[in-house]
Amino acid sequence: RLALVCVLLLAAAWAPQVATLVATPRHAAPRGRPAAVASSGRLGTSALRMTSTDEDRSRQQAVLREEVESPFLKLRLALYGFGVVSCGVNFFISWAQLIATATGNRDDSVVTLAVNLGTALGGAGLLGFLLRRDLRQREDRLERMTKGAMLAGLRVRASAGAERGLTITNLASFRRGRGMPKRIIIAAAPKDVLVPSLQSSIPVAEQLIRDDFLIIPLIMRPERQQEGPPGPVATSDVAFEVFEAEGMYELPHIAEPVGLVAWSNVMRGELENAKLSDPESALERGFTIVIKKNGRVGARRLGVPLWSNLVSDVEVRRSKNLDVENI
């Protein structure tokens, strides 16, 4: 009876997890919502609704993509779950038999029952570890894919060639095979850091255009003054703005961000990641995101890039006959 009760309790405890694995919710929100959504009431109700919708849509795309890339993951997770339950059943049955043998109600081998107990306990521990590992890896992949989908959905006003002029499109349009392959360089920094960086890109503009680089600048500044003694600025108090300069966005290698609400939402999350590397200087140096032609994030680093180094990297790869179509 004791074994039966324990088995029922264990099955009841595992049933919700197994059901969740078999039927993944399509509209689940991301595990870590950026601070912009959590604390930016000043954006307004419509802005918050917009960012929430974007996150839900990106999450759905990430779930579909994860299912395509890992088609047998749910089956493996379900098998792990049922394996843990099976080991638990074996453990409680062996435990009940061991108690019965110790009290003289059964005539079984104590050594055999002890081995069964150890095997069941070890099997449950191993399968539980594998289940937890796969769940964490799956959630990490979903979070990474969701961030990538939100990044790809950001819009810019960029040059589409001499004949088409300026056009508004999202970053996903610059992937290889979609007509406008570009290497995206998102540079977010304080104005006194960003302006000299953009000016230094003009002398090498011809090389940047030839190597399909597209720079997206964003000014980063504290949105409000802190009260009390000076301290680290919260990510939610950092604003991202479009750099305004006459003729700047007429240059083919520089694009203007469009839709600052979405940009701020995504960039605050990126700033939070940058502060993990160097919380003291992240706000002073800014950060750079490099998106390769294949649509994948190639690098995230602190500070603004040296444009001549980016150009030389591509030229070196081209001279060595290495792949320059996907990077």
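Below: a short report on this structure. All figures in this text were calculated on a predicted structure; none of them were measured in a lab.

Reading across from one edge, E5-E4-E3-E7-E8 is the order of the five strands in this open sheet, with mixed pairing throughout. Edge positions in the sheet fall to strand E5 (238-241) and strand E8 (297-302), since each of these pairs with one other strand and no more. Between one strand axis and the next, the sheet turns through 20° on average, direction left out of account. Across four bridges, strand E4 (residues 213-222) lies against E5 in antiparallel orientation. Bridging from a neighbouring strand, Arg221 pairs with Ala239 of E5. Across the sheet, helix H8 (residues 260-277) touches strand E3 (183-189), E4, E5, strand E7 (287-291) and E8, and the angle it forms with E5 is around 125°. In the packing of helix H10 (residues 307-319) onto the sheet, the strands contacted are E3 and E4, and the crossing angle to E4 comes to about 150°.

Before going further, it helps to examine a nonpolar patch on the surface. On the surface, a cluster of nonpolar side chains totalling about 360 Å² of accessible area is made up of Phe72, Leu75 and Leu79. Relative to the assigned elements, Leu79 resides in helix H4 (residues 73-102).

Quick look at the pairing of E7 now. Within E7, five of the five residues are buried, which leaves the element mostly enclosed by the surrounding structure. Across the two faces of E7 the burial is the same, with Phe287, Ile289 and Ile291 and Thr288 and Val290 all buried. Sheet topology places E3 next to E7; five bridges connect them, and they run antiparallel. When the bridges of E7 are listed, Ile185 appears paired with Val290. Bridge count between E7 and E8: five bridges; the pairing is antiparallel. What sits directly across from Thr288, in E8, is Arg301. In this antiparallel pair of consecutive strands, E7 and E8, the connection spans five residues, and Gly295 shows a positive phi of 90°.

Rules used throughout
Residues numbered from 1 in each chain as written. Predicted model: local features only at pLDDT ≥ 70, side-chain atom pairs only at ≥ 80, totals over all residues. Heavy atoms only, no water. Pairing = 2+ DSSP bridges. Helix = DSSP H or I, 4+ residues; strand = E, 2+ residues; numbered from the N terminus. Axes fitted to C-alpha atoms, helices over the stretch in contact; angles between N-to-C directions. Contact = heavy atoms within 4.5 Å. Patch = residues over 30% accessible without salt bridge, like charges linked within 9 Å, V, L, I, M, F, W, Y side chains within 5 Å. Areas by Shrake-Rupley, 256 points an atom, 1.4 Å probe, with all protein chains shown as cover. Salt bridge = Lys/Arg side-chain N within 4 Å of Asp/Glu carboxyl O. Buried < 20%, exposed > 50% of the residue type's maximum accessible area, 1.4 Å probe, protein only.

Such coordinate-based values are descriptive only and should not be taken to indicate function.
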